[in-house]
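Residues per chain are reported as follows:
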Amino acid sequence: MKYSRQRESILQYLRSTKCHPTAETVYQNILAENPSISLGTVYRNLTLLTDLGEIKKITAFDGPDRFDGNVDPHYHFICRECGTVLDLEMDSLSHIDLLAAHNFNGIIEGHMTHFFGMCPDCAKQIFPSQNQ
């Protein structure tokens, strides 16, 4: 694949943040470095980088897709109130691949697991007495 300075900027930005940005956020953050880039170019490169396994796409509820530059196995929490996506620090659940494969004649190559509920900020707003 031909080198692209714009694609490299997108990839570097995603690898430098833990905020799981939307395509629009990626676009806004690399615009100063790439003033001629379009939002369409960002979308096309995010799709390509996802297809190549260089980044992860996180699809959450009714909100826009989010993107993650960390492709190492890890899990996400998605807030059903504000849409925030957070990395969860926890042990691997890789054993569920074996459980899934137990009664499946195909080949299990991995899994994607998202946890959802309320982030700490939303929980404090909705249930202030439970967070003292």
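See above for the structure.
A brief report on the enclosed structure follows. Residue numbers run consecutively from 1 along every chain, following the written order of its sequence. Where totals are concerned, whole chains, interfaces and linings use all residues; where local detail is concerned, this predicted model gives features only for residues with pLDDT of at least 70, and gives and counts side-chain atom pairs only at 80 or more. Based on all heavy atoms of the structure, the side-chain values leave hydrogens and waters out of the count.

Quick word on the packing of helix α1 (residues 5–16) against helix α3 (residues 39–51)
For the record, the criterion: Angles here are taken between N-to-C directions and fall from 0 to 180 degrees, while the axes themselves are lines fitted to C-alpha atoms, restricted in helices to the stretch in contact. The numbering of helices and of strands both runs from the N terminus, where a helix is a DSSP run of H or I of at least 4 residues and a strand a run of E of at least 2. Roughly parallel refers to an angle under 35 degrees, roughly antiparallel to one over 145, roughly perpendicular to one between 65 and 115, and oblique to any angle outside these ranges. Throughout, a crossing is termed right-handed when the near helix is turned clockwise from the far one, and left-handed when it is turned anticlockwise from it by less than a right angle. Two residues qualify as a contact provided that any one of their heavy atoms is within 4.5 Å of a heavy atom in the partner residue. All residues other than Ala, Val, Leu, Ile, Met, Phe, Trp, Tyr, Cys, Pro, Asp, Glu, Lys and Arg, Gly among them, are scored as polar; the first ten of these are nonpolar and the last four charged.
Interhelical geometry of α1 versus α3 gives an angle of 70 degrees and a closest axis separation of 10 Å. Relative to α3, the element α1 lies roughly perpendicular. The handedness of the crossing between α1 and α3 comes out as right-handed. Of α3, the residues touching α1 (which contributes Q6, R7, I10, L11 and L14) are T41, V42, N45, L46, L48 and L49. Taken together, the residues of the contact of α1 with α3 sort by class into 7 nonpolar, 3 polar and 1 charged.

Quick word on the pairing of strand β3 (residues 75–79)
The following threshold applies: Each residue gets one of three labels from its accessible area relative to the maximum for its type: buried under 20%, exposed over 50%, partly exposed in between, using a 1.4 Å probe on protein chains only. Two strands qualify as a pair provided DSSP detects at least 2 bridges between them.
Most of β3 sits inside the fold, with 5 of its 5 residues counted as buried. Burial of β3 is two-sided: the residues Y75, F77 and C79 facing one way and the residues H76 and I78 facing the other way are all buried. Of the pairings in the sheet, the one linking β3 to strand β4 (residues 85–88) comprises 4 bridges and is antiparallel in character. Bridging from a neighbouring strand, I78 pairs with V85 of β4. Between the antiparallel neighbours β3 and β4 lie 5 residues, among them G83 with a positive phi of about 85 degrees.

Points about the sheet that holds β4
In spatial order, the strands read β4-β3-β5; together these 3 strands make up an open sheet with mixed pairing. Looking at strand neighbours, the two that pair on one side only are β4 and β5 (114–117), the edges of this open sheet. When the angles between neighbouring strand axes are averaged without regard to direction, this sheet yields 30 degrees.

Details of the environment of L11
Mapped onto the elements, L11 comes out in helix α1. Along the backbone, L11 and N45 are 34 residues apart, and their C-alpha atoms lie at a distance of 9.0 Å. Not counting residues within four places of it along the chain, the set of residues in contact with L11 comprises L49, E54 and I55.

Comments concerning the pattern of salt bridges
Stated precisely, the cut-off is as follows: When a carboxyl oxygen of Asp or Glu is within 4 Å of a side-chain nitrogen of Lys or Arg, the pair counts as a salt bridge.
A full pass over the atoms with the stated rule returns 3 salt bridges. Where R15 meets E54, a salt bridge forms, and the shortest distance between an N and an O atom there is 2.8 Å. In this pair, R15 is assigned in helix α1 and E54 in the loop between α3 and β1 (56–58), connecting sequence segments 39 residues apart. We classify E54 as partly exposed; its relative accessible area is 30%. The partner of E81 in a salt bridge is R80, and the shortest N-O contact between them spans 2.8 Å. Given a relative accessible area of 42%, E81 falls into the partly exposed group.

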